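Take a look at the letters that make up each chain.
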Amino acid sequence: MLKFYNTLTRKKEAFKPMKKGKVNMFVCGPTLHDYPHLGNGRTFVSFDVIARYLKWKRYKLFYLQNLTDIDDKIINKARENQVEWKEIKEKYEKIYLQDMKKLNITSVKKYARATDYIKEIISQVKRLIKKKYVYKISDGWYFDLSKDKDYGKLSGRTELKSGDSVSRIDENKEKKNKGDFCVWKFSKLGEPMWKSDIGDGRPGWHIEDTAITEKEFGERYDIHGGGIDLMFPHHEAEISQMESLSGKKPFVRYWLHTGFLNINEEKMSKSLGNFITIKDVHEEAMIVRYFLISNHYRNTINFSNQKMEDARNSYERLKNIVSELKDDKKINKKYLQEFETAMDNDINTPEALQVLWKLLRDGNEEGKFITVKKMDEVFGLNLLKKEKNTIPKEVKKLAKERGNARKNKNWKKADEMREKINKLGYIIEDKERGYVLRKK
Ligand code: AMP
């Protein structure tokens, strides 16, 4: 039986969707103002695995993700670069989708741009006005938190803490309560805006998600996901908006949050400037994916070059073993059952990967091929895909020897190895995280 750790109840719970056999899942997507980094990638890979597993369990899944394509960050970036805001969001949307493809994220059924839902956003604001949950001040409409006695029920708090994502609770001295957040921002000179009888303007950040999900799923749905940094205030704000509008609780049944990806003990983030972009690792995307899912989605990951190298070795070994398996059409039920048990337990991918390794190490060859195939439907590691430009074993061996020589500061030997690799028609490039091999 599939169980999820639900942030809302702080318990592992058996998963029961609202409609038998059908699941609606929404995950907070990116703000389209910069290159996505490995921290973002961690969250999206985790939910891709969760989505793949739900499908594997034969649920009919609608996985929806928003794209924040109107926001202060986008407007500011456009100003810095002296271009139109649309140019920025279009550029980074392309980059984002390309990154997702590289990471083999295939389960999202619909990417919903906030600007395609302005009508729905305005409709939500209007209904909130009518119900007196929001009030108007000089720069926009704000949600009145004193009207929501439940505020804070997801995170267990009502105040910001370090580690929360940029709060995007707009500040204005006229606000009634400290945490009140803007649902509709009045237009300012030179900023994009939409005409409306609630005042020309643009959406606040939190309302885009509830407007999108209300349109696509209705007032309530099964799973909401995102990074743990979004739990407060973003997800609390979503709950306030939607439960106030519909009067129905809970707005979302299961809240799932991914842990941080840290680098040097700090959260990888754009604002700290300590990030590695996904674009930087396009050529090693499957190794990154292996590295990410070898950790449980709720645990904090500390990224390091050494761990990437370990992941590279493991992944390459896996591919080598799998490439020699014979397609025998049988299933190894014992290991597939173990795999399912691990995944049922709140998506325990590290344990599920151990089951895969156990299967491959087993002396009984029967059923390995198809069982690996079944497991990889969920892992998404392209384990059975024949690589077009596979690097010959000999070249890989030389690269490894060169790596060891460099570690031992034996530069002469390292140079010789580079020469040999070159002669075999390959180029080795040193990156911060190790090396990349490429055909000349
Ligand atoms: P953003 O574009 O910053 O709004 O983030 C997009 C998604 O990535 C959100 O779900 C964030 O919670 C998640 N995210 C951002 N930084 C990290 C990190 N260092 N580790 C894990 N998830 C992250």
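The structure displayed is predicted, hence computed values, not measured ones. (Residues numbered from 1 in each chain as written. Predicted model: local features only at pLDDT ≥ 70, side-chain atom pairs only at ≥ 80, totals over all residues. Heavy atoms only, no water.)

A. Representation of the sheet that holds strand S10 (residues 221-227) within the structure. Strand order across the open sheet formed by five strands is S5-S4-S3-S10-S11, with parallel pairing between neighbours. The strands lining the two open edges of the sheet, one partner per strand, are strand S5 (110-113) and strand S11 (252-258). Across the sheet, the mean angle separating the axes of adjacent strands is 25 degrees when strand polarity is ignored. Helix-sheet contacts for helix H1 (residues 38-56) involve strand S3 (22-27), strand S4 (60-67), S10 and S11, and the interaxial angle to S3 is about 175 degrees. Along the sheet, helix H6 (residues 231-246) contacts S10 and S11; its crossing angle with S10, the most-contacted strand, is approximately 160 degrees. (Pairing = 2+ DSSP bridges. Helix = DSSP H or I, 4+ residues; strand = E, 2+ residues; numbered from the N terminus. Axes fitted to C-alpha atoms, helices over the stretch in contact; angles between N-to-C directions. Contact = heavy atoms within 4.5 Å.)

B. Layout of the packing of aromatic side chains. One pass over the full model with this rule turns up 21 aromatic pairs. A centroid spacing of 5.4 Å and a plane angle of 90 degrees characterise the contact between Tyr221 and Phe251, whose relative ring orientation is edge-to-face. Linking Tyr221 in strand S10 with Phe251 in the loop between H6 and S11, this pair joins segments that are 30 residues apart in sequence. Ring pairs connect the aromatic residues Phe62, Phe217, Tyr221, Phe251 and Trp255, which therefore count as one cluster. (Phe/Tyr/Trp six-rings, centres within 6.5 Å; stacked < 30°, edge-to-face > 60°.)

C. A look at the domain arrangement of the chain. Domain boundaries assigned for the chain yield domain 1 (19-267), domain 2 (305-387) and domain 3 (393-439). For domain 2 and domain 3, the distance between their C-alpha centres works out to 29 Å. Taken residue by residue, the interface counts nine residues in domain 2 and eight residues in domain 3. Overall, the association of domain 2 and domain 3 removes approximately 720 Å² of surface from exposure, summing both partners, and the carbon and sulfur fraction of that is 36%. Scanning the region where domain 2 abuts domain 3 turns up one salt bridge. Inspection of the region where domain 2 meets domain 3 yields two residue pairs in polar contact (both at pLDDT 80 or more). (Domains from an automatic or database assignment. Buried area = accessible area lost by both parts, 1.4 Å probe. Salt bridge = Lys/Arg side-chain N within 4 Å of Asp/Glu carboxyl O. Polar contact = N/O pair within 3.5 Å; in protein donor to acceptor, adjacent residues only side chain to side chain.)

D. Expanded view of the pattern of salt bridges. A full pass over the atoms with the stated rule returns 43 salt bridges. Taking the shortest distance from any N to any O, the salt bridge between Arg202 and Glu191 comes out at 3.1 Å. Placement of Arg202 in strand S9 (residues 201-203) and of Glu191 in the loop between strand S8 (182-186) and S9 is noted, with a sequence separation of eleven residues between them. Across this residue pair, the class does not change: Arg202 and Glu191 are buried. Between Lys248 and Glu219 there is a salt bridge, and its shortest N-O distance comes to 2.6 Å. Taken together, the residues Lys248 in the loop between H6 and S11 and Glu219 in the loop between helix H5 (205-216) and S10 connect sequence positions 29 residues apart. Relative accessible area serves as the criterion here: at 28%, Glu219 is assigned to the partly exposed category. Connected through salt bridges with shared partners, the residues Asp72, Arg79, Asp170, Lys185, Glu191 and Arg202 form a single ionic network. (Buried < 20%, exposed > 50% of the residue type's maximum accessible area, 1.4 Å probe, protein only.)

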